[in-house]
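Commentary on secondary and tertiary structure
The primary structure of each chain is shown beneath.
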Amino acid sequence: MRSQDRLTYSLVFLLIFSIFSGIYSPEIHSELEENNDIKIESISKNNNLIDIPAWKINDRWNYNGYLDMVDFIVDSGVNTNLQTLTGTLQSTVTEIYITTVDNSSSLVYKVESEGYYEANNINLDGQPGDLEVNMDTVSIIRASDLATVSQEASIDINFCRDFLWWCIDVSVGTLEVDQSYSPPLEGYDFPLSVGESWNQDYTVTTTYDGSSDYVDIPEDTVSQRTANYEIVSQGFSGVSYASCATSYNISSTNADGDETGYKWFCPAVRGDVKMETIESLGFTAVHSLSSYQATSRQKVVSIDVEFPLSPIDMEIAAWVNVTNSNGNPLANEQLQFRYEIEGNIQTITTASNGSAYVTFNTGSSPDYSNSGDDLGSHGILAWINSANPHTGASTVTIDPNVYEIDLYVNQDGVSVERTRENLTLTLDENVGFNAIRDDSITFSIPVINRGLRFSPPTILEIEGPDGTTTNANIPALSSLEEARVEVSWTVPSNQPFGETVTSFDININDGDSTNNEGEFILFIGSIPVALLSMAEEILTLDELTINGINSYDPDGGNFYCTFSLESLEGNIITSEEEDCVYEYTWDDDGIFN
């Protein structure tokens, strides 16, 4: 019995431990419908860059979440009905201070998190009971770019095994995991823009401590890793949270291209409204924001940068502004200005208008998040160092190839929303850019000024999938300001299957004409047709063959069959079969769906 317990609890311990240790036939068609022209719905511009937020002590984010463990359980061989652990996660900023990070003076946030997850009335190898996980985490976050410097996690795992009318607590194990990242791990690359991607090589040092009667505590490790990130879309995250209707989906992969998760950054809450972590062992952790509690800001610090996009080694100016909560300027406020990438730290004081003027050299230092579009994007900080510290933050992007005016049609930044039967979905590379006949499509096409000066008003020419052309008036744009043109298209009911192309071209003679045009490809297909055949009655213990091989996809694509049926115990069993044939046997009489 002891060996059976040891196997069961060891697998549970490894399951929970691993969660926190890695932290898409020719047809004959009639003429297309006449009303499928692409239509301009709106033209808007946004000079509010999605820049780095400034946190304050006692800012708090509360999440509801779950750990999906189906694939892990199947691979582990544990006989259990456990599928998910559900729970909550609360993260709070508890300190703001200066420390040394990779030999550089850095302003950092200390964020403390408390997580609790449980699964009740489960069965582990014949042992009924409840599984509980408590986790306390301390993260050090660099204020200039929200990069993770280090993370410490304390994990306590307990299984309350049912015994008569009570349950007996079994301590599966306690574990302490300390991880540090060099350089700090940059999961964001401010300012955020759809279509932007970056990668980073880093070293992670992990130390372990703790105790368990069922498994050995791992050895300390030092490993080199690569993280890849891309902002794949903007729009609705799936979480109905006030002010977060427009969030930014940052998806990540590892060096092998395997998905490691995503997060939806919401500017209104200064953080993530939803996040998912996918681990290679076969489980997924998902958290959705339930509430955000921002600490009252009696003083508001902001930074206006003369050139948010700048050449290298250029002397530029910034204005650091301090107001009260009502927006009134505050004079004689002493702050520390910090351009940490170049070691530029100055003490400044606001004038009667609540503003302090400062100059600094942008330098020529790259950052560790290699995007290929610039040399680096570096944080600028200003903070009031007091018992109740206040911070302000902004970003300057340095690029050796900057022009006075450079309008950029960002084809990788096109956002697409698809509406089908009153259900709207934001498409991205993970979902796939595809639609079916009669779907309503909305394209959001971005035009960005990647130059130093205001661009003149101009025209964006858009050619739709049917070959019709329409023009959108693009207003004057300041440096890094973005205009978005929203156009709609309803897929005709007789649209041929295959790829459709929407192309766009900006009419301007600017510094770089190579980025003035682009195109977006959307695949038009069809929903597969499921055809099922099987015997309606069989004898107990006889094998039932469920046959879906006559199913087909009208657009000629590949497909597989997913079978769902009711077991003897009343549970729904699901199985994916590439050959579309599934066999099942019931051990007793009954009527099953």
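Residues numbered from 1 in each chain as written. Predicted model: local features only at pLDDT ≥ 70, side-chain atom pairs only at ≥ 80, totals over all residues. Heavy atoms only, no water.

**Examining the overall build of the chain**
Counting its regular elements, the chain contains two helices and 35 strands. Buried positions account for 48% of the 593 residues belonging to the chain. Summed over its atoms, the accessible surface of the chain is roughly 28500 Å², and 45% of this surface lies on carbon and sulfur atoms. Taking the 22 positively charged and 92 negatively charged side chains of the chain as two groups, their mean positions are separated by 11 Å. (Helix = DSSP H or I, 4+ residues; strand = E, 2+ residues; numbered from the N terminus. Buried < 20%, exposed > 50% of the residue type's maximum accessible area, 1.4 Å probe, protein only. Areas by Shrake-Rupley, 256 points an atom, 1.4 Å probe, with all protein chains shown as cover. Lys, Arg positive; Asp, Glu negative; His and termini not counted. Charge placed at Lys NZ, Arg CZ, Asp CG, Glu CD.)

**Some points on the packing of aromatic side chains**
In this description, an aromatic ring pair is defined by two values, namely the gap between the centres and the angle between the planes. Inspection of the entire model under this criterion finds 16 aromatic pairs. Ring geometry for Y188 versus F190: centroids 5.5 Å apart, planes at 20 degrees, classification stacked. Ring centres 5.5 Å apart and planes at 50 degrees place the aromatic pair F337 and F360 in the tilted group. Here the residue F337 occupies a position in strand β17 (residues 334-339), and F360 occupies one in strand β19 (residues 355-361), the gap between them amounting to 23 residues. Pair check on accessibility: F337 and F360 agree, each one buried. An aromatic cluster of three or more residues is present, and its members are W55, W61, Y109 and Y292. Geometry around Y188 places K263 over its ring, the cationic atom sitting 3.9 Å from the centre. In this arrangement the basic side chain of R437 is found over the ring face of F497, its NZ or CZ atom lying 4.1 Å from the centre. (Phe/Tyr/Trp six-rings, centres within 6.5 Å; stacked < 30°, edge-to-face > 60°. Lys NZ or Arg CZ within 6 Å of the ring centre and 35° of its normal.)

**Quick look at the environment of P366**
Of note, P366 is situated in the loop between β19 and β20 (376-384). Residues P366 and T397, spaced 31 residues apart in sequence, show a C-alpha to C-alpha distance of 10.0 Å. Ignoring sequence-local partners within four residues, the contact set of P366 consists of I341, L375 and H378. (Contact = heavy atoms within 4.5 Å.)

**Details of the pattern of salt bridges**
Evaluation of the coordinates by the stated rule reveals 10 salt bridges. A salt bridge links E112 to K110, with the shortest nitrogen-to-oxygen separation between them at 3.9 Å. For E112, a relative accessible area of 33% corresponds to the partly exposed category. Notably, a salt bridge pairs K299 with E333, separated by 3.2 Å at the nearest N-O pair. Note that K299 is positioned in strand β14 (residues 299-305) and E333 in the loop between β16 (315-324) and β17, a separation of 34 residues in sequence. (Salt bridge = Lys/Arg side-chain N within 4 Å of Asp/Glu carboxyl O.)

**Comments concerning the confidence of the model for the chain**
With 90% of its residues at a pLDDT of at least 70, the chain reaches an overall mean of 87. Under a pLDDT of 50 for its full length, residues 19-34 has, in the predicted model, 34 contacts with residues more than four places off or in other chains. (pLDDT = per-residue confidence, 0-100.)

**Re the pairing of strand β10 (residues 247-254)**
β10 sits mainly inside the fold: six of its eight residues count as buried. Across eight bridges, strand β9 (residues 221-235) lies against β10 in antiparallel orientation. Bridge assignment links S233 to a residue of β10, and that residue is N249. Strand direction decides the pairing type here: β10 and strand β11 (residues 259-266), joined by six bridges, are antiparallel. Bridge pairing in β11 places S252 opposite G261. Where β10 hands over to β11, the hairpin turn is made up of four residues, of which G257 adopts a positive phi near 85 degrees. (Pairing = 2+ DSSP bridges.)

**Describing unusual backbone geometry**
Here the bond from S182 into P183 is cis, since omega is -5 degrees, no more than 30 degrees from zero. In this model, D438 sits at a positive phi of 75 degrees, which is unusual for a non-glycine residue. Its location among the elements puts D438 in the loop between β25 (434-436) and β26 (440-449).

**Details of the state of the cysteines**
Chemically, a disulfide is nothing more than a covalent bond linking the sulfur atoms of two cysteines. Under the criterion given, the structure shown has three disulfides. The disulfide partner of C244 is C266, and the S-S distance across this bridge is 2.1 Å. Where C244 bonds to C266 through sulfur, the torsion about that S-S bond is close to -95 degrees, and the disulfide is left-handed. Of this pair, C244 sits in the loop between β9 and β10 while C266 sits in strand β11; the two residues are 22 residues apart in sequence, bridging distant segments of the chain. Along the chain, the cysteines engaged in disulfide bonds are linked according to the scheme 1-2, 3-4, 5-6 when indexed in sequence order. (Disulfide = S-S within 2.5 Å.)

**Observations concerning the sheet that holds strand β18 (residues 344-349)**
Read across the open sheet, the five strands follow the order β15-β21-β20-β17-β18; overall the sheet is mixed. Two strands close off the open sheet at either side, each with one partner strand: β15 (309-310) and β18. Relative to β18, β17 runs antiparallel, the two being bridged by six bridges. From the neighbouring strand, R338 faces β18, where its bridge partner is I345.

**Quick word on a nonpolar patch on the surface**
A surface patch of nonpolar side chains, about 690 Å² in accessible area, is lined by F163, L164, W165, W166 and I168. Here L164 lies in the loop between β6 (148-163) and β7 (166-185). (Patch = residues over 30% accessible without salt bridge, like charges linked within 9 Å, V, L, I, M, F, W, Y side chains within 5 Å.)

**Some points on a negative patch on the surface**
A cluster of acidic side chains, namely E152, E176, D178, D209, D216, E219 and D220, defines a negative patch on the protein surface. Within the secondary structure, E219 is located in the loop between β8 (197-211) and β9.

**Some words on the side chain of T92**
Structurally, the position occupied by T92 is in strand β3 (residues 84-101). Residue class for T92 comes out buried when judged on its relative accessible area of 8%. Within the local environment of T92, its side chain forms a polar contact with the side chain of R60, the two groups lying 2.9 Å apart. (Polar contact = N/O pair within 3.5 Å; in protein donor to acceptor, adjacent residues only side chain to side chain.)

**Notes on the sheet that holds β14**
One open sheet holds the three strands; their spatial order is β14-β16-β19, and the pairing between them is antiparallel. For this open sheet the edge positions go to β14 and β19, each flanked by a neighbour on one side alone. Put simply, the sheet's adjacent strands are angled 25 degrees from each other on average, direction ignored. (Axes fitted to C-alpha atoms, helices over the stretch in contact; angles between N-to-C directions.)

**Quick word on the side chain of D399**
Relative to the helices and strands, D399 is located in the loop between β21 (390-398) and β22 (407-409). When near neighbours in sequence (up to four residues on either side) are disregarded, D399 contacts L309, S310, P311, I312, D373, D374, L375 and R450.

**Re the pairing of β6**
The side chains of a regular strand alternate, residue by residue, between the two faces of the sheet. Two elements, strand β5 (residues 127-142) and β6, share 13 bridges in a ladder whose sense is antiparallel. The residue of β6 that forms the bridge with D136 is S154. The hairpin turn running from β5 into β6, its antiparallel successor, is five residues long, and L146 in that turn takes a positive phi close to 60 degrees. Count of turn residues in the β6/β7 antiparallel hairpin: two residues, of which L164 carries a positive phi of about 55 degrees.

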